[in-house]
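# Coordinate inspection notes
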Amino acid sequence: NAYVDESSFPHSNNNNVINNQQATTTSSPQHIQQQQPALTKTISKSRPPKIHPESGGRITLVGSGPGSPSLLTLAAHSLITDPSNLLIVDRLVSAEILTVMDEAGVNYKIANKTPGCQMAAQDEIFQWCLDGLQAGQHVVRLKIGD
């Protein structure tokens with residue numbers, strides 16, 4: 001997971017404003033590279049905040065895109081193929097993506113939200129997530145789309 005350290009981003013104060021004259025006189029690629037911090041400096045290697053204070057469990061919402069495994073982001077692919085994660089998957093996630101998860105040996109539960117039983121299904125999803133969090137797991141809620 002990549003998290004951006006926003007402390008390195010310019011904020012709306014006058015110290016970070018570059019006027020047009022400065023931009024035109026200092027626009028060489030070398031000068032721009034020197035002024036802007038490297039991307040690796042803005043990405044923190046730390047995990048997201050722990051949600052369950054005693055167990056350290058956490059939950060992440062992930063989009064499965066349009067359904068093709070080749071269109072998953074690298075982060076999404078990494079999360080859905082990690083066997084230590086508990087995945088709660090929408091019933092409309094494609095069979096191709098479920099196959100990728102099966103091949104990785106991932107433990108997942110399919111949320112069977114259908115018309116007329118959304119409330120019961122949502123309660124079940126909530127309970128699965130809560131159980132995973134209390135067990136200290138990384139719960140990944142895999143939804144269709146982006």
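Further up the page is the structure itself.
Residues numbered from 1 in each chain as written. Predicted model: local features only at pLDDT ≥ 70, side-chain atom pairs only at ≥ 80, totals over all residues. Heavy atoms only, no water.

### Quick look at the overall build of the protein
Of regular secondary structure, the protein possesses six helices and six strands. Starting at the N terminus and walking to the C terminus, you meet the elements of the protein as β-α-α-α-β-β-α-β-α-β-α-β. Going through the 146 residues of the protein one by one, you find that 28% of them count as buried. Look at the contacts in the protein between residues 6 or more apart in sequence, and 60% of them connect residues 24 or more apart. Summed over all atoms, the accessible surface of the protein reaches about 9,900 Å², with 54% contributed by carbon and sulfur. (Helix = DSSP H or I, 4+ residues; strand = E, 2+ residues; numbered from the N terminus. Buried < 20%, exposed > 50% of the residue type's maximum accessible area, 1.4 Å probe, protein only. Contact = heavy atoms within 4.5 Å. Areas by Shrake-Rupley, 256 points an atom, 1.4 Å probe, with all protein chains shown as cover.)

### Brief notes about the pattern of salt bridges
Considering all chains together, one arrives at two salt bridges under this definition. Note that Asp 90 and Arg 141 form a salt bridge whose closest N and O atoms lie 2.9 Å from each other. With Asp 90 in strand β4 (residues 85–90) and Arg 141 in strand β6 (residues 138–143), the pair connects residues that are 51 residues apart, well separated along the chain. Among the residues examined, Asp 90 registers a relative accessible area of 13% and is labelled buried. For Arg 141, a relative accessible area of 10% translates into the label buried. Note that Lys 143 is salt-bridged to Asp 90, the shortest N-O span being 3.6 Å. Remark: Asp 90 occurs in strand β4 and Lys 143 occurs in strand β6; sequence separation between them is 53 residues. Taken together, the shared-partner salt bridges in this structure form one network comprising Asp 90, Arg 141 and Lys 143. (Salt bridge = Lys/Arg side-chain N within 4 Å of Asp/Glu carboxyl O.)

### Things to note about helix α6 (residues 118–134)
Every α-helical turn comprises 3.6 residues, leaving residues that sit three or four positions apart pointing alike. The end-to-end C-alpha distance of α6, which contains 17 residues, comes to 24 Å, matching closely the 24 Å that a straight helix rising 1.5 Å per residue would cover. Buried within α6 are the following residues: Ala 121, Ile 125, Trp 128, Cys 129, Gly 132 and Leu 133. Mapping the buried residues of α6 onto a view down its axis gives an arc of 130°, with all of them on the same face. Opposite its buried face, α6 presents the exposed residues Met 119, Ala 120 and Phe 126, each directed more than 90 degrees away. Those residues of α6 hidden inside the fold are in contact with β3 (58–63), β4, β5 (107–111) and β6. Immediately beyond the C-terminal end of α6, within one or two residues, lies Gly 136, with a positive phi of roughly 80°. (Expected span 1.5 Å × (residues − 1). Arc of directions from axis to C-beta.)

### A short note on helix α5 (residues 95–104)
Those residues of α5 not exposed but buried are Ile 97, Leu 98, Val 100 and Met 101. Each buried residue of α5 lies within a common arc of 155° when the element is viewed along its axis, so the set occupies one face. Of the exposed residues in α5, those oriented more than 90 degrees away from the buried face are Ala 95 and Glu 103. Turning to α5, the residues buried within the fold contact α4 (74–80), β4, β5 and β6. Looking at the residues trailing α5, positive phi occurs at Gly 105, about 75°.

### Focus on the sheet that holds β5
The parallel open sheet is built from four strands, whose spatial order is β3-β6-β4-β5. This sheet does not close on itself; its edge strands, each paired only once, are β3 and β5. Put simply, the sheet's adjacent strands are angled 20° from each other on average, direction ignored. Alignment of β3 against β6, held across six bridges, turns out to be parallel. Of the residues in β6, the one forming a bridge with Gly 63 is Lys 143. Across the face of the sheet, α5 comes into contact with β4, β5 and β6 while running at roughly 155° to β5. (Pairing = 2+ DSSP bridges. Axes fitted to C-alpha atoms, helices over the stretch in contact; angles between N-to-C directions.)

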